[in-house]
Amino acid sequence: MPLLTKARSLLRNLFFTRRVDADLDQEVHSHLEMLIEENIRAGMTPADAQRIARIELGGTAQVQEQVREKRLGSWFHSVWADCRYGLRHLRKNPGTTAVMVFTLALGIGASTAIFSVVYGVLLRPLPYADANRIMAVFEVTSHGQPSRLADPNFDDFRDQNRSFQTIAKYNNYVTSVSGAAQPTRTMVAHVSPGFLKVFGIQPMLGRDFSEADGKKGAGRYALVSYGYWRQDLGAPTDLSQPHLRIDGAVYSIIGVLPASFRFPAEVNLWLPADLDGEGHSRTSHNFSAVGRLRDGVSAAQANQDISAIARRIHDTSSEQGDYLLQDAIVLPLQESLTGNARLPLLVLLGAVGFLLLVACANVANLLLAQASVRARELAIRSALGAGRGRLIRQFLTEAFLLSLVAGGFGVLGAFWGVAGLVALAPGDLPRLDNISINIPVLLFALLLSTAVATGLGAFTAARATSGDLRQGLAEGGRGQADSQGSRRVGRVIVAAQIAITLMLVVGAGLLGRSLMKVLAVNPGYRVDKIVAMDVALPWLDDPKSNASRAIFFANLIGRLKQIPGVRTVGATSVLPMAEGGLPNGMFLLTSHDELPTSVDALVAMMIQQKDRMGIADFCAATDGYFQALGIPLMRGRFFDENDTPNSPHVAVISESLARERWPNQDPIGHTIEFGNMDSDLRLLTIVGIVGDTHEYALDVAPRPTVYVNLLQRPRPAVTVTMLSDADTRSVTAAARGILRELDPELPPSFQTFSEVYSASLRPRRFNVILIGFFGIVALLLATAGVFGVMAYAVNRRTHEIGVRLALGASSGNILRMVLGEGMRTILIGVAIGIAGALLLTRTVQSLLFGVTSTDPLTFGGVTLLLVGAALVACLVPARRAMKVDPMTALRYE
Amino acid sequence: MSPEQTSLLQGTLDLLILKSLRAGEMHGLGVSRRIEQLTGGTFVVKPGSLFPALHRMEEEGWITAFWGESENNRRAKYYRLSKAGEKQLEAETERWSRISLAIGQALEAS
């Protein structure tokens, strides 16, 4: 029963507020009337009767407010009232409100957008069952770098470990696949059986590889991706029909993997790894490895376990040397996929956090200015019975309204921002397709808005309700002491803002200067006007296939030269800056008298005779490649038409290799053995020296390189480079036609070299553009902040300035006074900022190139820029102060 | 509802209001004067305490309110004890006697 009464009261209080209030008003008034009547009956004059009655009642408004506060549901009411009141207040100052909402929306939106990238790439779990149990396993090289695994080493890890339920190796490459609707260049992975078990994945159709399927000489079976099954195979439910021709062998399809599974990224076909037998060398690193931890085994335990096996291999192997593993390491797969992206992303997140702080500082200053104007209003409300708590809640409510509206706009902006970010992001950013505004990101935005609201609300409430509120009424809303206090707080905020902005802009400056230094690096080759065509012939182990490949490539290059507008055509095993890069290995300085009989014998010779060993990248190219890319010949000759597959094999080496391996000698005419790279043990005679090229990145020194003649030692997969004055599209179309005539089963892919080249700069550009943008916005906000605080200070001091002028101060004195005050604040901010930047820029050291993290030019330039901008922001109010008319100013009060 | 939580003074005010209304329906001023009379002028209840208490007790369901005519033909809001209110009065009275007895004993002990 009582519960029912209560519920009825609550509903009545909430929904019939007006009636309940009118009722209360009437009741209190009739009470007052009765008191008056009572007093008159007691013999008072009407005037006295009324006065005494009012004193006894204690104010109709206060009584009503006391009843209201005790009512059920009063909490809802007062929050609702606060909201309405807050909205009215925000609407009353539409300009300021718009600026505050925009500023906060910018900060929250930018933070949300960056967080969505951080979340998608770094935080979001991989889409596999118990994904945190999946580990990546690496060998550790003698230089301490993680590397891929050699077959015998992987076998030892697999057979001897006690930490993994399943461990599997894999590698992947692009090759030509025919047998489906049309031949395609497709990413194919070679995996050992158990690969899918590591991920806890079952084929959605058909079956997984069995142990027997992975044995040497087993039947050839393939698993296909969902996308490939749908688009290229036409989604057949009967998998026995389609057969795929891959690298000269025919595969039957045994299973289709679920759409969600794509590992390694972009792979469409998974084939057993060891159908043609395993490698025997412990120093040829051909496979990556993943494993699923046994229950109860930690990553650290697995690491110890694998590391112990690795060190045993290191100690006992006969293949000692730089290429033998030194150790091994186990990392969570997610970490290993995103490791390189981590630092740049965290730096971005930090930068955007700084931007948000600067934005909040601006809003805090605006709120502070408003609060001092509102001192009178607060005093009135306090006099009418609003407690301090109620007033604080009012400020919090307003801050929440502001932040949530701004957060809403920010999230809308972030949707658009994320699309931009994804478009701008470097293609090699892992898990790029994972980036979106999703529930966790929205939660983050909400949390961020709440944090901002709490911070701003608590700050303004603490500032506005400190001291005796009612004094505001007495002073006519012009509390001099209070406003001086808030001016000081305003200056502290501005100094902090300047400090944070300086750190951010210094960071942007350092990264920007690094980018400029990188762009100034001469790559050693021409980038423009080159069309690159990737072609992959079947990957066959048969040595005889080399002869036919050479003929095919010579033929292809000859035909491509006929395309109108094409000046030079060449081919290379790997294009500079392309994914993957050149293989790197040891070679031996030797002669015809001392030829190894096998690759193993060669490796043994190199290990025994270190003084005759060299290390270089290995590239197969044609003479046209050097001409197309404009790689200069320093001495000797390029390859020419006399270098045929059966004539003595020749090599061209890069300048840095000549300098490094043949100091004070002429390498031309020397002979080397590099057959461990392509299993061709014919001796190479050095015939020329060419300029150094940046093959991997502009910010990495050129690596010593040996070029062999692609027409003598053809690779199955090459990139054809065509230097052409003609339009890219017509060259592409003509080249496609020519290739189809030569072999209809060979699908090409085309890119311009400048696309490949600029893609290599995208990670750096991405960071510079974003952090630069944040820096510029922060600079604008900080400038606006300085201007706001100074203009407000001048405005509040108009009277004082008038007095000073009336007492004979020159306008120059006034200018100096205002500027001096402003600059003191700014310089304190700058000093703190420089100190902070010196500490913080160390963390981005590894992202810099050609500048130190304390680069004086950047620090000096940014300081000048910031002080200049702040000075301009001070100058405008200072000039206004200078022009104050003493008479008007004195009357101003 | 939960008398143990209410402060002694508030409990006292509730008890006095309930006790006043036991005599019959009354408006706010009447309740106030009745309390004065009942306590021999010891308790003077200000409207600032009376009205919040009356409204709270109405929400609790101990008293019901209605508009009526005062002695001088003025519209006034009257309060009447409900069934729940009578029970509450009994409980409060019982509690109060216990407390006053205990306090009395405590003070008499030397």
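Residues numbered from 1 in each chain as written. Chains lettered and ligands numbered in written order. Predicted model: local features only at pLDDT ≥ 70, side-chain atom pairs only at ≥ 80, totals over all residues. Heavy atoms only, no water.

### Structural notes on the overall build of chain A
Then step 1. In terms of regular secondary structure, chain A is built from 26 helices and 22 strands.
Then step 2. The burial tally for chain A puts 52% of its 893 residues in the buried class.
Then step 3. Taking contacts inside chain A between residues at least 6 apart in sequence as the whole, the part at least 24 apart equals 82%.
Then step 4. Summed over its atoms, the accessible surface of chain A is roughly 40,100 Å², and 59% of this surface lies on carbon and sulfur atoms.
Then step 5. Side chains of chain A carry 84 positive and 76 negative charges; the gap between the two charge centres is 11 Å. (Helix = DSSP H or I, 4+ residues; strand = E, 2+ residues; numbered from the N terminus. Buried < 20%, exposed > 50% of the residue type's maximum accessible area, 1.4 Å probe, protein only. Contact = heavy atoms within 4.5 Å. Areas by Shrake-Rupley, 256 points an atom, 1.4 Å probe, with all protein chains shown as cover. Lys, Arg positive; Asp, Glu negative; His and termini not counted. Charge placed at Lys NZ, Arg CZ, Asp CG, Glu CD.)

### Focus: the confidence of the model for chain B
Residue and element names in this part refer to chain B.
Then step 1. Scored by pLDDT, chain B comes out at a mean of 83, with 90% of its residues at no less than 70.
Then step 2. Segment residues 1–8 is flagged for pLDDT under 50; beyond a separation of four residues in sequence, or across chains, it makes eleven contacts in the model.
Then step 3. For this predicted complex, the interface confidence comes out at an ipTM of 0.85, alongside a pTM of 0.78. (pLDDT = per-residue confidence, 0-100.)

### Remarks on the interface of chain A and chain B
Then step 1. Between chain A and chain B, the residue contacts involve 27 residues of the former and 24 residues of the latter.
Then step 2. For the chain A and chain B pair, buried surface summed over both sides reaches about 2,400 Å², with 55% attributable to carbon and sulfur atoms.
Then step 3. Three residues, Glu27, His31 and Met34 of chain A, lead the burial of chain A against chain B; their summed loss comes to 25% of the area buried on that side.
Then step 4. Summed over the shared surface of chain A and chain B, the number is eight salt bridges.
Then step 5. Of the charged contacts in the structure, one is a salt bridge between Glu60 of chain B and Lys6 of chain A, with a shortest N-O distance of 3.6 Å.
Then step 6. For the interface between chain A and chain B, the tally reads seven residue pairs in polar contact (both at pLDDT 80 or more).
Then step 7. Elements supplying a minimum of two residues to the side of chain A that touches chain B: helix H1 (2–15), helix H2 (17–41), helix H3 (46–57) and helix H4 (60–70) of chain A. (Buried area = accessible area lost by both parts, 1.4 Å probe. Salt bridge = Lys/Arg side-chain N within 4 Å of Asp/Glu carboxyl O. Polar contact = N/O pair within 3.5 Å; in protein donor to acceptor, adjacent residues only side chain to side chain.)

### Quick notes on the pattern of salt bridges
Then step 1. Tallying each qualifying case throughout the model produces 41 salt bridges over all chains.
Then step 2. A salt bridge links Arg637 of chain A to Asp640 of chain A; the shortest N-O distance between them is 3.5 Å.
Then step 3. Notably, a salt bridge pairs Arg56 of chain B with Asp14 of chain B, separated by 3.1 Å at the nearest N-O pair. Taken together, the positions of Arg56 of chain B in helix H3 (residues 47–60) and Asp14 of chain B in helix H1 (residues 8–22) put the pair 42 residues apart, joining distant regions of the chain. In terms of burial, Arg56 of chain B and Asp14 of chain B fall into one category: buried.
Then step 4. Connected through salt bridges with shared partners, the residues Arg491, Arg797, Glu800, Arg804 and Glu821 of chain A form a single ionic network.

### So, the packing of helix H6 (residues 94–123) of chain A against helix H14 (residues 439–464) of chain A
Working note: a packed helix pair is described by the angle between its axes plus the distance between those axes.
All names here are of chain A.
Then step 1. As a packed pair, H6 and H14 sit with axes 9 Å apart at the nearest point and diverge in direction by 145 degrees. Seen from above, H6 lies across H14 with right-handed handedness. Residues Leu104, Ile108, Ser111, Thr112, Phe115, Ser116 and Tyr119 of H6 form the contact with H14, whose participating residues are Pro440, Val441, Phe444, Ala445, Leu448, Ser449, Val452 and Leu456.
Then step 2. In the contact of H6 with H14, the residues fall into eleven nonpolar, four polar and no charged. (Axes fitted to C-alpha atoms, helices over the stretch in contact; angles between N-to-C directions. Left-handed = near helix turned anticlockwise from the far one by under 90°. Nonpolar A, V, L, I, M, F, W, Y, C, P; charged D, E, K, R; others polar.)

### Quick notes on unusual backbone geometry
Backbone phi values are negative for most residues with the exception of glycine, while trans is the configuration of most peptide bonds.
All names here are of chain A.
Then step 1. Note the cis peptide between Phe263 and Pro264, where omega equals -10 degrees.
Then step 2. Position of Pro264 relative to the elements: it lies in the loop between strand E8 (249–256) and strand E9 (269–272).
Then step 3. The phi dihedral of Asn664 falls on the positive side, at around 60 degrees, and the residue is not glycine.
Then step 4. Along the chain, the position of Asn664 falls in the loop between helix H20 (655–661) and strand E18 (671–673).

### Notes on the environment of Ala520 of chain A
Residue and element names in this part refer to chain A.
Then step 1. Looking at where Ala520 falls in the secondary structure, it is placed in helix H16 (residues 480–520).
Then step 2. The exposure class of Ala520 is exposed, given its relative accessible area of 64%.
Then step 3. For the pair Ala520 and Leu698, spaced 178 residues apart in sequence, the C-alpha separation works out to 9.1 Å.

### Concerning the packing of aromatic side chains
Residue and element names in this part refer to chain A.
Then step 1. Counted by the stated rule, this structure contains 26 aromatic pairs over all chains.
Then step 2. Residues Tyr170 and Phe263 carry aromatic rings whose centres are separated by 5.4 Å and whose planes lie at 70 degrees to one another, so their mutual orientation is edge-to-face. Pair noted here: Tyr170 is in strand E3 (residues 164–178) and Phe263 is in the loop between E8 and E9, with a separation of 93 residues, a long-range link. The burial state of Tyr170 is the same as that of Phe263; both residues are buried.
Then step 3. A centroid spacing of 6.5 Å and a plane angle of 65 degrees characterise the contact between Phe753 and Tyr757, whose relative ring orientation is edge-to-face. Here Phe753 and its partner Tyr757 are both found in helix H22 (residues 753–796), four residues apart, which amounts to about one turn of the helix.
Then step 4. Put simply, the rings of Tyr128, Tyr170, Phe195, Phe199, Phe261, Phe263 and Trp270 pair up and form one aromatic cluster.
Then step 5. Across from the ring centre of Phe287, 4.3 Å away, lies the NZ or CZ of Lys169, which sits over that ring.
Then step 6. Across the ring face of Tyr221, the terminal group of Arg207 is positioned such that the distance to the ring centre comes to 5.4 Å. (Phe/Tyr/Trp six-rings, centres within 6.5 Å; stacked < 30°, edge-to-face > 60°. Lys NZ or Arg CZ within 6 Å of the ring centre and 35° of its normal.)

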